[in-house]
Amino acid sequence: VLEAYLSKKIEKDSQCSEEERIELRTQLAILYMKTPQLRGKLLPLLKSNAKIDAEKVMDEAVNLEPVERMALLGRMGRHRDALLECLDRGEEYCGDDKGLLLLLVSLLLELSRTSEALAVLNRHYLQLDPSRVLDLLPDDMPVDVAAIRYLRSACVSTPVTAEDTVMAGEKMMGSVFLDEYSEWQKERSRYVVMSEEKACPVCNRRFVASDGDVSSKPFVVYPNNVCVHIQCADPSLGVCPVTGVKFSQSTYK
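Residues numbered from 1 in each chain as written. Predicted model: local features only at pLDDT ≥ 70, side-chain atom pairs only at ≥ 80, totals over all residues. Heavy atoms only, no water.

Here we look at the overall build of the chain
Across its full length, the chain holds 13 helices and 2 strands. Counting over 253 residues, the chain shows a buried share of 38%. By element, 51% of the accessible surface of the chain is carried by carbon and sulfur atoms, the whole surface being about 15000 Å². (Helix = DSSP H or I, 4+ residues; strand = E, 2+ residues; numbered from the N terminus. Buried < 20%, exposed > 50% of the residue type's maximum accessible area, 1.4 Å probe, protein only. Areas by Shrake-Rupley, 256 points an atom, 1.4 Å probe, with all protein chains shown as cover.)

Thoughts on the packing of helix 1 (residues 2–12) against helix 2 (residues 18–34)
With their axes 10 Å apart at the nearest point, helix 1 and helix 2 run at an angle of 155° to one another. By the angle between their axes, helix 1 is roughly antiparallel relative to helix 2. Once helix 1 is placed against helix 2, the crossing between them reads as left-handed. Residues Leu2, Glu3, Leu6, Ser7, Lys9, Ile10 and Glu11 of helix 1 form the contact with helix 2, whose own contacting residues are Arg21, Leu24, Arg25, Gln27, Leu28, Leu31 and Tyr32. For the contact of helix 1 with helix 2, the per-class residue count stands at 7 nonpolar, 2 polar and 5 charged. (Axes fitted to C-alpha atoms, helices over the stretch in contact; angles between N-to-C directions. Parallel < 35°, antiparallel > 145°, perpendicular 65-115°, else oblique. Left-handed = near helix turned anticlockwise from the far one by under 90°. Contact = heavy atoms within 4.5 Å. Nonpolar A, V, L, I, M, F, W, Y, C, P; charged D, E, K, R; others polar.)

Topic: the environment of lysine 51
Checked against the element boundaries, lysine 51 lands in the loop between helix 3 (42–47) and helix 4 (54–59). In the structure, lysine 51 is positioned 32 residues away from glutamate 19 in sequence and 9.4 Å away in space, judged by C-alpha atoms.

Looking at helix 5 (residues 66–75)
Extensive coverage of helix 5 is indicated by the burial of 7 of its 10 residues. Of the positions making up helix 5, those classed as buried are Val67, Glu68, Met70, Ala71, Leu72, Leu73 and Gly74. In this fold, the buried residues of helix 5 make contact with helix 3, helix 4, helix 6 (79–85) and helix 7 (90–94). Phi turns positive, to about 80°, at glycine 77, one or two residues after helix 5.

Some remarks on the packing of aromatic side chains
As enumerated under the stated definition, the model contains 1 aromatic pair in all. Judged by centre distance (5.7 Å) and plane angle (65°), the ring pair of phenylalanine 207 and phenylalanine 219 falls under edge-to-face. Note that phenylalanine 207 is positioned in the loop between helix 13 (175–188) and strand 1 (219–221) and phenylalanine 219 in strand 1, a separation of 12 residues in sequence. For phenylalanine 219, a relative accessible area of 27% puts it in the partly exposed group. (Phe/Tyr/Trp six-rings, centres within 6.5 Å; stacked < 30°, edge-to-face > 60°.)

Quick look at the pattern of salt bridges
Following the criterion strictly, the structure yields 12 salt bridges and no others. Two residues, glutamate 68 and arginine 39, come together in a salt bridge whose shortest N-O distance is 2.8 Å. Separated by 29 residues along the polypeptide, glutamate 68 in helix 5 and arginine 39 in the loop between helix 2 and helix 3 bring together distant segments of the chain. Here the two residues glutamate 68 and arginine 39 agree in accessibility, since each one is buried. The shortest N-O distance in the salt bridge between glutamate 85 and arginine 69 comes to 3.8 Å. (Salt bridge = Lys/Arg side-chain N within 4 Å of Asp/Glu carboxyl O.)

Quick look at the state of the cysteines
Covalent bonding between the sulfur atoms of two cysteines is what defines a disulfide. With the rule as written, the count across this model stands at 0 disulfides. Free of any disulfide, cysteine 200 has its nearest cysteine sulfur in cysteine 203, 3.8 Å distant. By relative accessible area, which is 1% here, cysteine 200 ends up buried. Here cysteine 227 is not cross-linked by a disulfide; its sulfur's nearest cysteine counterpart is in cysteine 200, at 9.2 Å. (Disulfide = S-S within 2.5 Å.)

Comments concerning the packing of helix 8 (residues 98–110) against helix 9 (residues 114–124)
Remark: helix 8 packs on helix 9, axes separated minimally by 7 Å, with the N-to-C direction vectors making an angle of 160°. Judged by the inter-axis angle, helix 8 sits roughly antiparallel to helix 9. In this structure, helix 8 meets helix 9 at a crossing whose hand is left-handed. Contacts from Leu101, Leu104, Val105, Leu108 and Leu109 of helix 8 reach helix 9 at Thr114, Glu116, Ala117, Val120, Leu121 and His124. Here the contact of helix 8 with helix 9 is built from residues that sort into 8 nonpolar, 2 polar and 1 charged.

Describing helix 1
Note: α-helices contain 3.6 residues per turn, so residues at a spacing of three or four share the same orientation. The set of residues buried in helix 1 consists of Glu3, Leu6, Ser7 and Ile10. Along helix 1, the residues classed as buried sweep out an arc of 95° about the axis, all on the same side. Facing away from the buried side of helix 1, by more than 90 degrees, are the exposed residues Ala4, Lys8 and Lys12. Here the buried face of helix 1 lies against helix 2. (Arc of directions from axis to C-beta.)

Following this line, the structure appears as structure tokens:
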């Protein structure tokens, strides 16, 4: 009965001021919290955009679940405490908020949950500034595949300044990272020069049209730098049609 009264008052009483509505919603949240039959309605209310007095609800807290406490702490602006309350739900809590995602990564690193931190980075690298992420990474952090994947993804998606490159080098001096970064740079710098005389070794026709246009005759460049017209290439692109050399998918960066 009390729930129905409060809900009706909030939704339909045009005489209620915003302050009164906040107080009524707060009382509704406390009612949900203290009534087992209504407890399932508490979290949706806490996660909604409806304004309540979170501190008053917290003062009346009774056996809150971690995720409920997380939602309340978040409403109070205590995001660090909120994440620590339920780190396993951290990404859900952060959403696409860049600041909260960086805070989550920082907390995971503080707690030596490095693999989880890197997993978060790899899932959200498009939203995050690589230079800010590098500031978070400890100097002695082991360089593993996940770390390399994040840095390579971040470098591809974000223009890398000289300062960022130096910072990355200082933070990630592991030999594995340096080898991978060198390989990445090498692949980025690959190119072929098409002269008017150069011909496809399969069909012997030239790559460059008589008018100097190379775009009208699409071609494939294999990892061994053999160039053939696309119609002359192996359908799987896994075998060089000239040398017969087989390439694995990992060969193509």
